[in-house]
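# Structural overview for review
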Amino acid sequence: MARNDWINSYLEAILDVGQGIDNAKSSLLLRERGRFSPSRYFVEEVITGFDETDLHRSWVRAASTRSSQERNTRLENLCWRIWNIARKRKQLEEELAQRNGKRHLQCDKGLREATTDMSEDLSEGEKGDTVGDLSGHSDSTRGRMPQNSSVDMMENWASQFKEKKLYIVLISLHGLIRGENMELGRDSDTGGQVKYVVELARALGVMPGVYRVDLLTRQVSAPDVDWSYGQPTEMLNLKKTKDATHELGESSGAYIIRIPFGPKNQYVPKELLWPYIPEFVDGALGHILQMSKVLGEQIGGGQPVWPVAIHGHYSDAGDSAALLSGALNVPMIFTGHSLGRDKLEQLMKQGQLSREEINTTYKIMRRIEAEELCVDASEIIITSTRQEIMEQWSLYDGFDPVVERKLRARMRRGVSCHGRFMPGMVVIPPGMEFHHMVPNNGDMDAEAEGHEEKNATPDPPIWSKIMRFFTNRRKPMILAIARPDPKKNLTTLVKAFGESCPLRKLANLTLIMGNRDDIDEMPATNASMLISVLKLIDKYDLYGQVAYPKHHKQSDVPDIYRLSAKTKGVFINPAFMEPFGLTLIEAAAYGLPIVATKNGGPVEIIKTLDNGLLIDPNDQQSIADALLKLVADKQLWAKCRQHGLKNIHLFSWTEHCKTYLSRITSCKPRQPKWQRSDVGLEQSNPDSPGDSLRDTQDLSLNLKLSLDGEKSEGGSTLDDTLDSEENITDVKSREDTAVSKLSKYMEKANDDAFNLQFPTIRRKYIFVIAVDCDTVLGLLEIIKSIIRAARDLRTAGSIGFIMSTSLTMSEMNFLLKLGNLSATDIDAFICNSGSDIYYPSTSPEDNSAGSPFVQDSDYHLHIEYRWGGEGLRKTLVKWAARVNEKKGKDGGQIVCADESASTTHCYAFKVNDLSLVPPVKELQKLMRTHALRCHAIYCQNGTRLNVIPVLASRSQALRYLYVRWRTELSNFVVFVGEYGDTDYDGLLGGVHKTVILKGACSDARKLHVNRSYPLEHVMPFDSPNMVQAEGCTLADMKVTLGKLGILKG
């Protein structure tokens, strides 16, 4: 580069001038500067900021070109390339800043409006709440944890819980999960979260009051993974301790339950699991139903024992937990581990990928939407630190710490929250297993000498693998354990060590950077960072002072900590940002003082343990000074070691589980809202083609006879006319009569397959017609074609039918009459986009009264969780008024409330021009910023908007019927069009069979143009349960049913 000094000044001038260099005068200026180093710029800006490995290699090749003319030309081109990258980064940073500014304005507006709606009865204390007052907005274990462990305290706690027999379900989907010999670091999906959930399940399994813990994950039977990941069940070994006694039962303990879903014989990364989440939910639902029955026989006195909570870990499992929570009506808990919005911001700041490229690679918008749903549905969100709440969760539309505090204060005072809800944010640091950690309390040098004399046990093999790097093996060992990732900031650590002569004289440095065979085979990011570390070692001539072994086992990690402690070393985590820092707790448990970044969880860890120093990760002098201080000052080292060992129990799994159980048991208990008395069904043959379609005695509970259910205020219903005690008694009598007659019909089989006044005892298949047709006549033709195709099965009563639609029950009744179809031909009606379920009535009195349908009001008890009611309706009306005011022409209404189509759990709006109303994602965002939880759906080809409870949908209604009827979901056949309402994607996946009718509902494509994530990201294209019919004719139906094996011959 000596002959190419002009290149340095050339690049510097380009970067200084920016986009304005387009004349010869500027080019002349380029040759007048000589202070810029393109190599330094590349290393510090491009590699660390962009991971442009190919560009780096191109630069090296260009610089080594022999021909000076060719070398200058190539280097000049590369300079322009670097400048383009820098410009792109600046543009992306500006775009990100604009988006964040817009989002903050929207959130502030939502906060003001939400506060205004609640202002009429705010207390003085609530009015004074500000962001600065939020130090107590979340519950932290640190403030409540005792400073000393006490057997008496544990016994007192155990006595409160010993009478409970809790069933807890944990979910962690991605990665490879097993109880022993975990392959941590095998890939990006098998990391700290895997260890966390396994140890949590094992710890909960031995806690007093916990009978069973199920950790649900994916069953992986693939040639490139160990056979153990394909085992359906694995029991996590129970370890009895003095602090916890556990009354063992036949099914008690902690288990890993592996549910098969997704592509068979293939290990799938988490970004590609989204299309198969419904399949997991259906499989998990079946397991929980079976287990609740088994536990009911063992500890429930014959009544099902439902999970006290379903706990999702990471966004994919959180999405699953929300759906399971809605189907079973049990509380949901969520732990994010890492969050999509935070990752999106970090990737955007790097400038390497555009927003579209990030979404394509990481499916980031699907992940973010799942996390927003977790905020909507969770009773409690567990975090590791306050920083996670204030800096990460506050990025989400559905969470605002100010509103959360106000709502908690109002609930404590019994004041109305106007339909607004926020999840409880609880800080519970991850726990650790300490039973196998035995740090030596004696002098390390003396121990080493004694060990040499006695020679009781040989040194662990990993010690020799590390020590072979060092010239002086008796110096204290500074230890860092992190994968070679730019976020871990290992290069700054090596620079700090290399440039500090006193530190180099006093200590050695060990870098445990994962496992590798060949650097060229590593991912580009990791390889680039590892090469940078190796170059720095060479630059500072650190040979004999830095160890960087290629391989280590997970079981070697404790021995590595012991080696560092044996030499009176220090553990360091210099990451730019560390959400929690589990390695810091591990190091403290082995008696190591710690030095850690001041950004994130380490702040609270060091404050609690009082065993180390915080550093600025961008200041290498700060890193060197902190390390030197601990290595050189033996008294300070001993003091930090002592404090860490004394306080480490605060991060034990026992402490974690005590707080965890206290929190989940404080949630309002929820479970399926009917009592089953189906003794006869329990005695049925499990191998039969299908169970009873409807439990007749279930229907006798909380059923209302009406056409469209209860209306919102101002609407009229059949129930409104029943004011007298006489009328109320009459309704009850009619219900009892209907159920009595239904029971009689259920006792005998019907010889005519289509004289279905009532469902027969057995159903081989259930056809779900969920086609969102553009026209009434088109829907009628499809319904008739499906029913005619079903006749060819010939078996009496072998086919049941469910209508799943956005129509109201009145509109559905009109449709049936228009097509000369009997209501009793259909076994159930899922109406109003899944907010209502009806059954055909069997009572002549009901038909004469003009109300031939029975409404399942138990379903409303399932879906009313966090339903905003009147507060939500008022906000929606205001939203509609704003849309009309802003975009309406000549006073015309673009969107207006549709009272005739609204019910108590569905607020309907007429949409006159879909192109002028905001997309669903914008409406959902608006409601979330107001702390209102709902599910907005554009339907009927964009002419209607239905807003229903957050956990209600047509797919969830099917799961509800599955839970209630106990039929097999694999016997459901769902018919859908090529497109449909905006809840269309929920109907596609799962264990049921799906028939896509080609050509049907193609106009509904426009409803999916402006989604928060592309429809393709959730379509299970390779699912064997999904087939496409070539058309909607009878012949097309028969061919398709033949492909599914339903029609023979």
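What you see is a predicted model; the values in this text were computed from it and never measured.

Secondary structure assignment for the protein yields 37 helices and 28 strands. For the protein, with 1049 residues in total, the buried portion stands at 58%.

So, about the environment of Arg 468. Take Arg 468: it is sitting in the loop between helix 18 (461-467) and strand 10 (477-481). Residue Arg 468 is classed as exposed on the basis of its relative accessible area, which comes to 57%. For the pair Arg 468 and Ala 547, spaced 79 residues apart in sequence, the C-alpha to C-alpha distance is 8.1 Å. From its side chain, Arg 468 meets the backbone oxygen of Lys 465 in a polar contact 3.2 Å long.

Spatially, the 6 strands line up as an open sheet ordered 12-11-10-13-14-15, and their pairing is parallel. At either margin of the open sheet sits one strand with a lone partner, and together these are strand 12 (546-547) and strand 15 (612-615). Pairing geometry for strand 11 (residues 508-512) and strand 12, over 2 bridges, is parallel. Note that in strand 12 the partner of Thr 510 across the bridge is Ala 547.

Attention now moves to helix 14 (residues 364-377). Along its 14 residues, helix 14 runs 20 Å from first to last C-alpha, staying within 8% of the 20 Å computed at 1.5 Å per residue. Burial analysis of helix 14 places 13 of its 14 residues in the buried class, the great majority of the element.

Before going further, it helps to examine helix 31 (residues 809-818). Every buried residue belonging to helix 31 is among Met 809, Met 812, Asn 813, Leu 815 and Leu 816, and all of these are buried. All buried residues of helix 31 project into a common sector of 160° when viewed along the axis, lining one side. Opposite its buried face, helix 31 presents the exposed residues Phe 814 and Lys 817, each directed more than 90 degrees away. Of the surrounding secondary structure, the elements contacted by the buried residues of helix 31 are helix 30 (776-791), strand 18 (799-804), strand 19 (828-831), strand 20 (836-840) and strand 21 (853-856).

Reading across the sheet, the 4 strands line up as 22-23-25-24 and stay open at both edges, with antiparallel pairing between neighbours. Bordering the open sheet on either side are strand 22 (895-897) and strand 24 (935-939), each of which pairs with just one other strand. With strand direction ignored, the average angle separating the axes of adjacent strands in the sheet is 25°. One ladder, built from 4 bridges, connects strand 23 (residues 907-911) with strand 25 (residues 944-948); its direction is antiparallel. By the bridge assignment for strand 25, Tyr 907 is matched with Val 947.

Let us look at the confidence of the model for the protein. Regions with low pLDDT should not have their predicted coordinates read in detail. Chain-level pLDDT for the protein is 79 on average; 75% of the residues reach the 70-or-more range. Here residues 12-36 is a poorly scored stretch, pLDDT under 50, and it has 31 contacts once near neighbours within four places are set aside; other chains count. Counting interchain partners and residues more than four positions distant, the pLDDT-below-50 stretch residues 120-150 has 69 contacts.

Attention shifts here to the packing of aromatic side chains. Two measures describe an aromatic ring pair: the distance that separates the ring centres and the angle between the ring planes. Within the structure shown, the criterion is met by 15 aromatic pairs. Here Tyr 196 and Trp 653 contribute two aromatic rings whose centre-to-centre distance is 5.5 Å and whose plane-to-plane angle is 70°, an arrangement assigned as edge-to-face. With Tyr 196 in helix 9 (residues 192-205) and Trp 653 in helix 27 (residues 653-665), the pair connects residues that are 457 residues apart, well separated along the chain. The two residues Tyr 196 and Trp 653 agree in class, both being buried. Ring centres 5.5 Å apart and planes at 15° place the aromatic pair Tyr 561 and Tyr 590 in the stacked group. In this pair, Tyr 561 is assigned in helix 22 (residues 557-566) and Tyr 590 in the loop between helix 23 (582-589) and strand 14 (594-597), connecting sequence segments 29 residues apart.

Another point: the environment of Gly 230. Note on placement: Gly 230 falls in the loop between strand 3 (210-218) and strand 4 (233-236). Along the chain, Gly 230 and Gln 219 lie 11 residues apart, while their C-alpha atoms are 5.2 Å from each other. With residues near it in sequence (within four places) discarded, Gly 230 still touches Gln 219, Val 220 and Ser 221.

Moving on to the state of the cysteines. Enumeration over the complete set of coordinates arrives at 0 disulfides. Looking at Cys 939, it has no disulfide partner, and the nearest cysteine sulfur is the one in Cys 906, 7.6 Å off. According to the relative accessible area criterion, Cys 939 is buried, its value standing at 0%.

Here we come to a negative patch on the surface. A cluster of like negative charges, contributed by Glu 94, Glu 95, Glu 356 and Glu 357, occupies part of the molecular surface. Elements with a minimum of two residues in the negative patch: helix 5 (68-118) and helix 13 (355-362). By secondary structure assignment, the location of Glu 95 is in helix 5.

This paragraph deals with the packing of helix 12 (residues 340-350) against helix 14. Closest axis-to-axis distance for the helix 12/helix 14 pair is 8 Å, and the angle between their directions is 145°. Within the contact between the two elements, helix 12 uses Gly 340, Arg 341, Lys 343 and Leu 344 and helix 14 uses Ile 364, Arg 367, Ile 368, Glu 371 and Glu 372.

Here we come to the nonpolar core. In summary, soluble globular proteins display a tendency toward joint burial of nonpolar side chains. In this structure, Ile 171 and Ile 802 are the most contacted members of the largest nonpolar core, which totals 126 residues. Counting residues per element, this core draws most heavily on helix 10 (residues 277-299), at 9 residues. Every residue in contact with Ile 802, bar those within four places of it in the chain, is listed here: Ile 766, Phe 767, Val 768, Ile 769, Ile 826, Ala 828, Ile 830, Leu 958, Leu 961, Trp 965 and Phe 972. Grouped together as the second largest cluster of nonpolar side chains are 69 residues, Ile 537, Tyr 540, Trp 637 and Ile 648 included.

The next subject is the side chain of Arg 954. The topology assignment puts Arg 954 in helix 36 (residues 954-965). Within polar-contact distance, the side chain of Arg 954 engages the side chain of Asp 983 at 2.9 Å. Those residues in contact with Arg 954 that sit more than four places away from it in its chain are Ala 770, Asp 772, Ser 804, Thr 805, Ile 830, Ser 833, Gly 834, Asp 981, Asp 983 and Leu 987.

A cluster of nonpolar residues, Val 776, Leu 777, Phe 814 and Leu 818, forms a patch on the protein surface that exposes about 410 Å² of accessible area. Among the elements of the structure, helix 30 and helix 31 are those that each provide at least two residues to the nonpolar patch. Inspection of the secondary structure assignment puts Leu 818 in helix 31. Owing to a relative accessible area of 43%, Leu 818 belongs among the partly exposed residues under this scheme.

The next point concerns the pairing of strand 14. In terms of strand pairing, strand 13 (residues 570-573) meets strand 14 through 3 bridges, oriented parallel. Note on strand 14: the bridge partner recorded for Asn 573 is Ala 596. Read as a crossover between parallel neighbours, the route from strand 13 over helix 23 to strand 14 is right-handed. Taken together, the 4 bridges between strand 14 and strand 15 define a ladder with parallel strand orientation. By the bridge assignment for strand 15, Thr 597 is matched with Ile 615.

Parameters and conventions
- Residues numbered from 1 in each chain as written.
- Predicted model: local features only at pLDDT ≥ 70, side-chain atom pairs only at ≥ 80, totals over all residues.
- Heavy atoms only, no water.
- Helix = DSSP H or I, 4+ residues; strand = E, 2+ residues; numbered from the N terminus.
- Buried < 20%, exposed > 50% of the residue type's maximum accessible area, 1.4 Å probe, protein only.
- Polar contact = N/O pair within 3.5 Å; in protein donor to acceptor, adjacent residues only side chain to side chain.
- Pairing = 2+ DSSP bridges.
- Expected span 1.5 Å × (residues − 1).
- Arc of directions from axis to C-beta.
- Contact = heavy atoms within 4.5 Å.
- Axes fitted to C-alpha atoms, helices over the stretch in contact; angles between N-to-C directions.
- pLDDT = per-residue confidence, 0-100.
- Phe/Tyr/Trp six-rings, centres within 6.5 Å; stacked < 30°, edge-to-face > 60°.
- Disulfide = S-S within 2.5 Å.
- Patch = residues over 30% accessible without salt bridge, like charges linked within 9 Å, V, L, I, M, F, W, Y side chains within 5 Å.
- Areas by Shrake-Rupley, 256 points an atom, 1.4 Å probe, with all protein chains shown as cover.
- Salt bridge = Lys/Arg side-chain N within 4 Å of Asp/Glu carboxyl O.
- Lys, Arg positive; Asp, Glu negative; His and termini not counted.
- Charge placed at Lys NZ, Arg CZ, Asp CG, Glu CD.
- Core = buried A, V, L, I, M, F, W, Y, C linked by side-chain atoms within 4.5 Å.
- Right-handed = clockwise from strand over helix to strand, strands pointing away.

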